[in-house]
Every structure is written in C-alpha cells, then in structure tokens.
Amino acid sequence: MIDTDTYAMAEADASAISLGPIGVFDSGYGGLTILRELRKTLPEYDYLYLGDNARAPYGSRSFEVIYRYTLEAVKELFARGCPLVILACNTASAKALRSIQQRDLPGIDPTRRVLGVIRPTVEVLDNVTESGHIGVLGTPGTVASESYVIETGKLFPGMSVAQQACPLWAAIVESSEADGDGADYFVKKNIDALMAKDPEIDTFVLACTHYPLLMDKIRKYAPQGIRILEQGQLVAESLKDYLHRHPEMEIRLAKGGDVEYLTSENPEKFDALASMFTHDGVASKHCALD
C-alpha cells in the first residue's frame, strides 16, 4: 500500500516540476514490442520512443560502444523531459544499465531513473519453470554478458541457465522475413543447439525484443510443452508495480495517453517497418545522436 503522507508530499513537490513522458529506448525496432505492451497496461501515460536505428544492431558491438551509445540516448531522452527511461533493449540492459545507474545518474540527475528489461524477466522464472532449467535465446552481446545467468543466480541459485546466441534472428525480423521459409532454418538451428546444451530445459526466455515477431517459428521448432516468455507484458507489469511503489516518480509523469517516436535513421524508413511492431501507424521524427 502507498504511504498516503509520502504521496501527498510527492504531489505537493510536483507542483514545481514539469511533467514529462516515459522514455523508451531501443537500438532499433524491437523495443516497440515493449512499448506496445506498456501502452496496453498503462495507457494513461505519455511515452517518447527513441530508436537508434542508424547505429543498429547493437548485439555484436563492444561493451564500451554499447555503453556510450546508450548513455547518449538516455541523455537525449532526459533533455526532452523524461523523468524515467526504460531500456527496452536486452543488449543495452545487459551492457550499459548498471554503469549508467551507478556511475552516471548521480552526476546527471539523481532524481531520474533508468530501468531495464532483464530483471523483470528473471523475477518471474520461479512461477513458470517446473524443471528449474532455463534456456535463453538472445543476441551475441546479451549472451556474452551472461546477465541472465548472473541475475538468475542471484534470485534463484538452484536454477540452471543455458544460453544460445541467435545472431541473425533480429536481422531476419528487420528484413521483413519473419514469415518466410528462410527463417525456419536459422530458428530451428539455434533452438536445436540450445536444447543440445540442456535437454531438461522447460522454459525459453526470448532475450531480444525482436523475437516475438518470430513466435510462430519458435513454437514450431520448440519441444512440446516448452513455455516461452515474451518480455513485453512482464516489463509492463513490473513498471506498473514500480510506479505504485514510487509515487514520487509517478507524480512526475505526464498523463495524456500520447506517444511520440524518434529515430536516428530516416523517419520514412523507420515508419515503414515500425508499424509491423506497433500494429498501428507511426509518424516519427529524426533525432541526431552523436
């Protein structure tokens, strides 16, 4: 339950604070699947989406580059009035979130927050798996970071986590080939490789926000009975809980139900593909990141 005194103080303090949207950042298009679920679960808030499409994909880049690119995007969203930013990208969450939270936020603005997508996903694993054996399908960068292994070990030390990098899955989605026959080969190959590492896996974590668009293929080649976790709804429910527990942040968020889109690429190019993720029309604006 929210402390009513805390909420009242937050509301009083908010009178002198400009309200802003929830910032949602991704290296490209995949974070739009997170945004879609955020808008379903928390439709009253304003959102500002930023896709760094000009420099995507992040999955194979170094820690230093991903951290620098992500920090630039976070600063851009802060400059545009966002009190809270969601890194709707597993690679950015894995390689940049902790550094930004611990090293950069205190100097930029300690009252703002940056949250990721990995922790909300891991938190539900004990409610899903029966065998305690988890399979993570992700980009090379996310897999190499071992973030899912580390976070699962912290919360559920008895669980076993096997990982499989799927370097072409995001590219398949962004090439509009998710429904094509060519996708079958790569999806089957990576799932088979994952199951060979641990045949007891009973739960797949789709550790890239592009992968829900490959769900038909994933279900086709996953062993019977496998549970498949998409992150959108998990992140949305986690944010809902976070705002309930942090009225001092909730009171700073604009509530008009509006959404705006920014891309570091050509807006027309972004808009043409973005609708595949959002299921509605998108009209973005260019945003230079450097």
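Below you will find a few notes about this structure. Because the structure is a prediction, the values reported are computed rather than measured.

Points about helix H10 (residues 181–197)
For H10, spanning 17 residues, the distance from its first C-alpha to its last is 26 Å, which sits close to the expected 24 Å at 1.5 Å a residue. Turning to H10, its buried residues number three or more, namely Ala-183, Asp-184, Val-187, Asn-190, Ile-191, Leu-194 and Met-195. Each buried residue of H10 lies within a common arc of 155° when the element is viewed along its axis, so the set occupies one face. Exposed and facing more than 90 degrees away from the buried side of H10 are Asp-181, Gly-182, Tyr-185 and Ala-196. In the core, the buried residues of H10 are packed alongside strand S5 (133–138), strand S6 (160–165), helix H9 (169–174), strand S7 (203–207) and helix H11 (215–221).

Re the pattern of salt bridges
Enumeration over the complete set of coordinates arrives at 19 salt bridges. A salt bridge links Arg-227 to Asp-202; the nearest nitrogen and oxygen atoms lie 3.5 Å apart. With Arg-227 in strand S8 (residues 227–229) and Asp-202 in the loop between H10 and S7, this pair connects stretches of sequence that are 25 residues apart. The class for Asp-202 is buried, based on a relative accessible area of 11%. Within the structure, one salt-bridge network assembled from shared partners comprises Arg-98, Arg-119, Glu-123, Glu-151 and Lys-154.

What to know about the sheet that holds S7
Overall, parallel pairing links the four strands, which are arranged S6-S5-S7-S8 in an open sheet. Since the sheet does not close on itself, it has two edges, and those belong to S6 and S8, each with one partner. Adjacent strand axes in the sheet meet at a mean angle of 25° when their direction is disregarded. Sheet topology note: the S5/S7 ladder contains five bridges and is parallel. In the sheet register, Ile-134 faces S7, and the bridge partner there is Thr-203. Contacts from helix H8 (residues 147–155) reach S5, S6 and S7, with the element oriented near 165° to S6. Packed on one face of the sheet, H10 meets S5, S6 and S7 and runs near 150° to S6.

A few points about the pairing of strand S9 (residues 259–263)
In terms of strand pairing, strand S2 (residues 47–51) meets S9 through five bridges, oriented parallel. By the bridge assignment for S9, Gly-51 is matched with Thr-263. Regarding topology, helix H14 (residues 267–278) serves as the crossover connection from S9 to the parallel strand S10 (residues 285–286), and that connection is right-handed.

Calculation rules
- Numbering of residues begins from 1 in every chain and follows the order in which that chain's sequence is written.
- Restriction of local features to residues with pLDDT of at least 70 applies here, the model being predicted, together with a cutoff of 80 or more for giving and counting side-chain atom pairs; totals for whole chains, interfaces and linings are based on all residues.
- No hydrogens and no water enter the side-chain calculation; it runs on all heavy atoms of the structure.
- Helix and strand labels come from DSSP, where a helix needs a run of H or I of at least four residues and a strand needs a run of E of at least two; each type is numbered from the N terminus.
- Here a helix's expected span is defined as the number of its residues, less one, multiplied by 1.5 Å.
- Throughout this description, buried means an accessible area under 20% of the type-specific maximum (1.4 Å probe, protein chains only), exposed means over 50%, and partly exposed covers the range between.
- The directions from the helix axis to the C-beta atoms form the arc being described.
- Residue contacts follow a heavy-atom distance rule, with two residues in contact if any of their heavy atoms lie within 4.5 Å.
- Should a side-chain nitrogen of Lys or Arg be within 4 Å of a carboxyl oxygen of Asp or Glu, the pair is scored as a salt bridge.
- Any two strands with at least two DSSP-identified bridges between them are counted as paired.
- Axis geometry follows a simple rule: fit a line to the C-alpha atoms, using only the stretch in contact for helices, then measure angles between N-to-C directions, giving values from 0 to 180 degrees.
- Look down the strands so they point away from you; if going from the first strand over the helix to the second traces a clockwise path, that crossover is right-handed.

Purely geometric stuff here, so don't read any function into it on its own.
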